[in-house]
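Breakdown of the fold
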Number of protein chains: 6
Amino acid sequence: MPRRTNQLRDVTIESFPTAAAGSVLITAGQTRVLCTASIASQTPRWIPTDDDGNPEHGWVTAEYAMLPGSTPDRKRRGNDGRSTEIQRLIGRSLRAGVDLKRMPGLAVTCDCDVLSADGGTRTAAITGSWVALVHALRTARTDGLIKANPVIGPVAAVSVGIIDGTPHLDLDYPLDSRADVDLNVVMNHKEEYIEVQGTAEGTPFDRKRLDQLLELAGKGIRSLIKTQRATLKKLKQSKA
Amino acid sequence: MPRRTNQLRDVTIESFPTAAAGSVLITAGQTRVLCTASIASQTPRWIPTDDDGNPEHGWVTAEYAMLPGSTPDRKRRGNDGRSTEIQRLIGRSLRAGVDLKRMPGLAVTCDCDVLSADGGTRTAAITGSWVALVHALRTARTDGLIKANPVIGPVAAVSVGIIDGTPHLDLDYPLDSRADVDLNVVMNHKEEYIEVQGTAEGTPFDRKRLDQLLELAGKGIRSLIKTQRATLKKLKQSKA
Amino acid sequence: MPRRTNQLRDVTIESFPTAAAGSVLITAGQTRVLCTASIASQTPRWIPTDDDGNPEHGWVTAEYAMLPGSTPDRKRRGNDGRSTEIQRLIGRSLRAGVDLKRMPGLAVTCDCDVLSADGGTRTAAITGSWVALVHALRTARTDGLIKANPVIGPVAAVSVGIIDGTPHLDLDYPLDSRADVDLNVVMNHKEEYIEVQGTAEGTPFDRKRLDQLLELAGKGIRSLIKTQRATLKKLKQSKA
Amino acid sequence: MPRRTNQLRDVTIESFPTAAAGSVLITAGQTRVLCTASIASQTPRWIPTDDDGNPEHGWVTAEYAMLPGSTPDRKRRGNDGRSTEIQRLIGRSLRAGVDLKRMPGLAVTCDCDVLSADGGTRTAAITGSWVALVHALRTARTDGLIKANPVIGPVAAVSVGIIDGTPHLDLDYPLDSRADVDLNVVMNHKEEYIEVQGTAEGTPFDRKRLDQLLELAGKGIRSLIKTQRATLKKLKQSKA
Amino acid sequence: MPRRTNQLRDVTIESFPTAAAGSVLITAGQTRVLCTASIASQTPRWIPTDDDGNPEHGWVTAEYAMLPGSTPDRKRRGNDGRSTEIQRLIGRSLRAGVDLKRMPGLAVTCDCDVLSADGGTRTAAITGSWVALVHALRTARTDGLIKANPVIGPVAAVSVGIIDGTPHLDLDYPLDSRADVDLNVVMNHKEEYIEVQGTAEGTPFDRKRLDQLLELAGKGIRSLIKTQRATLKKLKQSKA
Amino acid sequence: MPRRTNQLRDVTIESFPTAAAGSVLITAGQTRVLCTASIASQTPRWIPTDDDGNPEHGWVTAEYAMLPGSTPDRKRRGNDGRSTEIQRLIGRSLRAGVDLKRMPGLAVTCDCDVLSADGGTRTAAITGSWVALVHALRTARTDGLIKANPVIGPVAAVSVGIIDGTPHLDLDYPLDSRADVDLNVVMNHKEEYIEVQGTAEGTPFDRKRLDQLLELAGKGIRSLIKTQRATLKKLKQSKA
């Protein structure tokens, strides 16, 4: 039975053993992204310091890359414009879910490495690395690196688009390559927008279309946040 | 008298003499961007060819850079993630306004060099380089490089944002640095969206806010398209 | 019960779903390397061609990288001298196990991405990517890209070293960092050497020590080749 | 009426609004160069310091680039050997007109961006950026960054050459491309040489020719210095 | 009379005047490598420091490059994977011959520039730069930069290989390009191994072959160490 | 007895064995530059072709680099602005001495590697590489790569300068670092100028000074051309 137009692909977010403080593998259909969150106790130089010379807040940044074997035609290594743009998006999205002032002096780098690419890698990277980030922050707190819990609430993302005039949720590669409009939405648990990035790939879209797409995206993200919460609960238990 | 929150800055788009086929200087308040459109009769290799080996369509691409003197603290030369992201946005926006099939074998590069930066440089670059592009395509047609007119209709862009809870049109640098939400909108003359890029710089925003911002952007873009049309008319006359 | 000095770590080589023609995850203790083999039907230019302009043989090359989350202190992306050296070693080793003349015009790139690093990543990469390579060559033959089977026989690798005067098989990171001598050995199923790379990290070693280490390495490689063969058998069955 | 062989092209040097401390647009025929002078209060590390750790003198450096639209065939961005050589020349020339010891701790970067190129861009860049530099130094003095006036006297430059055996002043691109000898001369107001760079593009030249060219260059530079002085006077008045 | 298979090429190591503290030209047949050892009193940052903030030991590193004219087809400048691998080997080899703790705070860089390449350039570079290094350390001691003599004992290297089934000592380029096995051996004066790097270029080799090659290499290195000692003696006398 | 102000340093130009077609070592006092001329039968793409698709003329280019051991403080490898500028000068100078139309399809690269630097390296590079170039062209003619002799006549270079008000010929490093004016002159055997590059390092210079310096340079170049001719004669004999 084919997927309905308002249905997410099968999504799992699982712990994956690496050396990073937080580390999960997110799978959405045939898209697989390894998300690790590494902790360092040295924040960037530009962060302002208080009177004692201590940084006033922490920082969260992201890197995004596609492994060569992630695409049928081997993908060359190395950063291009697209990946730079994506990792800036991921970083901004994650920072919207934490209170940086509650993690002074702590720097977390979330690395999103696409192991298998079938559309929606940037939104899967945001959804997955949120879980890795929270797990890493828990570790940082347990280890005494920070005192308070900087987490504000979940951040998840999904792509929606219009194919042959019909809105679709969660585009895989075959859908994405046929889409007239492609909209990536990042939201929090209060159904507020963190990022809205819509692009007309061919046909410009009117306001009515935009409204339909935003509706569909909201539905998908509510479901993704449930999956994030379930994984975070499991990770807590396995640790205890 | 200070600018109202729903008022554009003073905008002019004027011809500026360079060696490029199309060349204008757009001024929006203290923001100044030199937009040139250079023509080449060699399109990228990846464009499919017909049975006679001729490229099936043309191409439009953009580059964006800030000159060192454009900011009070001298800006170092060289491409960074931000400018890569911006020039991809400009290129997509311009391509949405032309029918590439009506300009086979023609490649146009729109260079947007920021001479003076006071916020809104990427949207000014889109609005200005659209005029340079149309002018260059006219030249290409006069010179017999293309037979048909590939122009579909105007493309213009503006930024809107929320400052202290109030929506504002056309953010200059002082406003932009205080904005909680920053939304760049690219539209055509039919009031259809080509790009919608909204970012919560701090506070996520709900659906109602998004609606207000889109309204405001639409108003600004209608006005910018009038300015584009006036300049294009003048350029045509001065040529004749 | 601690591992004996002449005992390998627990090793598994399993199929891992990516978009590449061959794709396995090799695990040796806490070391995990994703090995993918991607096929392209364009060989490097320097390969000589026959009278019809067809390349006389195929090519196998390798790339090696450590993901940022693979080490406790986040590893920066980007190629350094060490990884260049390692990927040259992997490429030479793999080529020793295939008859390039039996795969004319076929180029296979084996990408070895270290997901988790605990010593012995280069030898795990060789052992794992051999399996990915064979699997990819089977696919190429099924798809009609090549007619004959270019595989000569298994190639596997292991590291051995001297710690506190005692030879040890299969060094993990804690052992490796204490080793006086570090020897990487690549062998085939006939117990012939393909590469022998020994380095005195501190104390030079005499001939007797070298003999002991080569003995130990041979033992380990015989066992690794058994694991490779078991995985390849399973992959064949799951495909049928 | 065509230009005489001993006549400069029409030259103007005008204020152009950017964010830099000094900023002018120099126009010489169809050659247009935007020259900005940006001030920073951090000098290079190699400058020696006095007993209190303060730098003993200031520094002036230059960068030169051609914008893509400055040439009929679009010029690719990025530094090449030619532009490196030119910016070193500009920097040396400007430094010859100031007493660096009278501007301790002050670093000025003069950026010369060619908007339209029709020959003589490097000499126009020197002549124009001298005005931008003086204007920036005035600002620095007004702002209290330096106490004394570091300006020694005007520095200007012109190119001369031999075409079909006849010496010509101020080569535009059509002349330059036909020149057998190309000589760039940088002089001060005392008719002393700061730089003399002569190149035989084809035919070596004897001493007599060199003498004629130096004579012609001197005449041109005297006229350019008058234009510089007039612009600087106007800038002072508009400020007051 | 052709060279015997167990005979070195004619080898000379001579002083060559440069500005470096140690500087020799090693000639092995038609292979010529200029080896210079430059002294700096600033060691890398990662070296641990004692309680007074002084570095606990010194460092020796190497760079290797082939000059463009060193090969019949001009060799392009710039580092590639091969040269990176070689300079890492040279650095490790040289460090095995000195006690870094006896040269605290001293950094020596050995530059090996191949002036003429006819096989065996990496082993000639090791053998030659050892002499340059020792000479530079003598100078450092004379100049009071270090108090003790950090030299442990000679380090030299040679390549051996199998051509048409026969082991050969000291491969020149024609031999090297025909070799089935290529083994580079670095040894000290006690006949202990520092590096053993064997590669099957085509045909894997068994244990018996490896033993023969190691034997042959040992013979060659004993002779090279004699030449090193003779040159070092001469250098000492000429200084006195 | 110290050198007189109008006297060259001791200069020798000797054959030095490398793999390049032409190869000499020029020594001027403590300055030593290895100059090799490598031949390739593929000229740059931009060279126009005749009706049969054959390139209409040949090309001569140069590269310049300082080896790390050439300066007392080790010089880092890699191209900087200075070396780019110098290699452009060398290339232009050498091309002025050959008729490129008499060497169609032939490309010669002259590599100037400074082994020991004590001032005047760029002028020594020109003088030395001229000899290497002529020798390489002789070889090319003997090998039948070109039919005619493209050599027009000798090209040599020297630096002159003003120290404490006195003109000096052939500046070594101690003189150069004290010079108020530094003038590099490239001339041919007819005493015609190919390049004149004068720079006021501190004090601008008047016409009279320039005349004195040109006189002195001419004297030095006449002597250098004699040395070039003597070496070329010797090289011809040793070949016969």
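Residues numbered from 1 in each chain as written. Chains lettered and ligands numbered in written order. Predicted model: local features only at pLDDT ≥ 70, side-chain atom pairs only at ≥ 80, totals over all residues. Heavy atoms only, no water.

What counts here: UniProt positions are given in the numbering used here, feature names are shortened, and annotations may be inferred rather than shown by experiment.
The name given to chain A in an unreviewed UniProt entry is Ribonuclease PH, with Mucisphaera calidilacus as the source organism. You can read under Subunit (unreviewed entry) in the UniProt record for chain A the words "Homohexameric ring arranged as a trimer of dimers." Turning to chain A, the UniProt record has this under Catalytic activity (unreviewed entry): "tRNA(n+1) + phosphate = tRNA(n) + a ribonucleoside 5'-diphosphate".

**Re the overall build of chain A**
Selection criterion: Helix and strand assignments follow DSSP, with helices taken as H or I runs no shorter than four residues and strands as E runs no shorter than two, numbered in order from the N terminus. The atom set for the radius of gyration is the C-alpha atoms, and the globule formula is 2.2 Å times the number of residues raised to the power 0.38. When checking whether two residues touch, look at their non-hydrogen atoms; a contact exists if any pair is within 4.5 Å. Surface exposure here means Shrake-Rupley accessible area, sampled with a 1.4 Å probe, where a residue is shielded only by the protein chains that are shown. Think of it this way: Lys and Arg go in the positive column, Asp and Glu in the negative one, and His and the chain ends go nowhere. All charge positions are set by atom: Lys at NZ, Arg at CZ, Asp at CG, Glu at CD.
Across its full length, chain A carries four helices and nine strands. Shown N-terminal to C-terminal, the secondary structure of chain A runs as helices and strands in the order β-β-β-β-α-β-α-β-β-α-β-β-α. For 240 residues, the compact-globule estimate of 2.2 N^0.38 gives 18 Å, and the C-alpha radius of gyration of chain A, at 18 Å, lies within 12% of that figure. Its C-alpha atoms put chain A at 60 × 35 × 35 Å along the principal axes. Nonlocal contacts in chain A, meaning residues at least 24 apart in sequence, comprise 67% of its contacts between residues at least 6 apart. Summed over its atoms, the accessible surface of chain A is roughly 10200 Å², and 47% of this surface lies on carbon and sulfur atoms. Between the averaged position of the 32 positive side-chain charges in chain A and that of its 28 negative side-chain charges there is a distance of 5 Å.

**Quick notes on the interface of chain C and chain E**
The criterion, for reference: Each of two parts loses accessible area, computed with a 1.4 Å probe, when they are put together; buried area is these two losses added. A carboxyl oxygen of Asp or Glu within 4 Å of a side-chain nitrogen of Lys or Arg is what we treat as a salt bridge. Two N or O atoms count as a polar contact when they lie within 3.5 Å, although within protein this holds only if one can serve as hydrogen donor and the other as acceptor, and sequence-adjacent residues are included solely when both atoms are side-chain atoms. Polarity classes work like this: nonpolar for Ala, Val, Leu, Ile, Met, Phe, Trp, Tyr, Cys and Pro, charged for Asp, Glu, Lys and Arg, and polar for all others, with Gly in that last group. DSSP calls a pair of strands paired once it identifies at least 2 bridges connecting them.
Of the residues lining the interface, 24 residues belong to chain C; the matching set on chain E comes to 24 residues. Together chain C and chain E conceal approximately 2400 Å² of surface at their shared face, both sides included; 51% is due to carbon and sulfur atoms. A per-residue breakdown of the area chain C buries against chain E is headed by Glu85, Tyr193 and Arg207 of chain C, which together make up 26% of the total. On inspection of chain C and its partner chain E, the count reaches six salt bridges. Between Arg88 of chain E and Glu85 of chain C there is a salt bridge, and its shortest N-O distance comes to 2.7 Å. Seen at the junction of chain C and chain E, the total is 12 residue pairs in polar contact (both at pLDDT 80 or more). Taken together, the elements giving at least two residues each to the side of chain C that touches chain E come down to α1 (81-95), β9 (193-200) and α4 (207-239) of chain C. Counting residues per element, the side of chain C that touches chain E draws most heavily on β9 of chain C, which supplies eight residues. Broken down by class, the residue content of the side of chain C that touches chain E amounts to eight nonpolar, six polar and 10 charged. Sheet topology places β9 of chain C next to strand β9 (residues 193-200) of chain E; five bridges connect them, and they run antiparallel.

**Section: the UniProt feature "binding site: phosphate" (unreviewed entry) in chain A**
Our working definition: Note on classification: 1.4 Å probe, protein chains only; a residue is buried when its accessible area is under 20% of the maximum for its type, exposed when over 50%, partly exposed between these limits.
The UniProt record marks Arg82, Gly120, Thr121 and Arg122 of chain A with the feature "binding site: phosphate" (unreviewed entry), using the residue numbering of this structure. These annotated residues cover 41 residues of sequence, and their C-alpha atoms lie no more than 13.6 Å from one another, placing them together at a single site. Among the secondary structure elements, Arg82 of chain A is positioned in helix α1 (residues 81-95). The partly exposed category is assigned to Arg82 of chain A, whose relative accessible area is 24%. Beyond its immediate sequence surroundings of up to four residues, Arg82 of chain A is in contact with Tyr64, Met66, Thr121 and Arg122 of chain A together with Arg88 of chain B. Tracing the backbone through its elements, the reader meets Gly120 of chain A in the loop between β5 (107-116) and α2 (121-142).

**Side note on the pairing of strand β4 (residues 59-66) of chain F**
All names here are of chain F. Under the convention used in this document: By convention a crossover is right-handed if, when the strands point away from the viewer, the path from the first strand over the helix to the second runs clockwise.
Here β4 lies mainly inside the structure; six of its eight residues are buried. Sheet topology note: the β4/strand β5 (residues 107-116) ladder contains eight bridges and is parallel. Residue pairing across strands places Ala65 opposite Asp113, the latter belonging to β5. Handedness of the crossover is the feature at issue here: the chain leaves β4, passes through helix α1 (residues 81-95), returns alongside β5, and the resulting connection is left-handed.

**Notes on the interface of chain D and chain B**
At the interface, 26 residues of chain D touch 26 residues of chain B. The junction of chain D with chain B conceals about 2000 Å² of combined surface from both sides, 56% of it contributed by carbon and sulfur atoms. The largest share of the area that chain D buries against chain B comes from Ala19, Arg74 and Arg77 of chain D, three residues that together contribute 26% of it. Taken together, the connections running from chain D to chain B amount to 10 salt bridges. If you look at where chain D meets chain B, you find 14 residue pairs in polar contact (both at pLDDT 80 or more). Mapped by element, the contributors of at least two residues to the side of chain D that touches chain B are β3 (31-40), β4 (59-66) and β5 (107-116) of chain D. A total of six residues in the side of chain D that touches chain B trace back to one element, the largest contributor, which is β5 of chain D.

**Brief notes about the side chain of Gln228 of chain E**
Residue and element names in this part refer to chain E. Turning to its location among the elements, Gln228 is positioned in helix α4 (residues 207-239). Residue classification places Gln228 among the buried residues on the basis of a relative accessible area of 1%. Apart from the residues lying within four places of it in its own chain, the contact partners of Gln228 are Ile13, Thr127, Trp130, Val131, Pro154, Val155 and Ala156.

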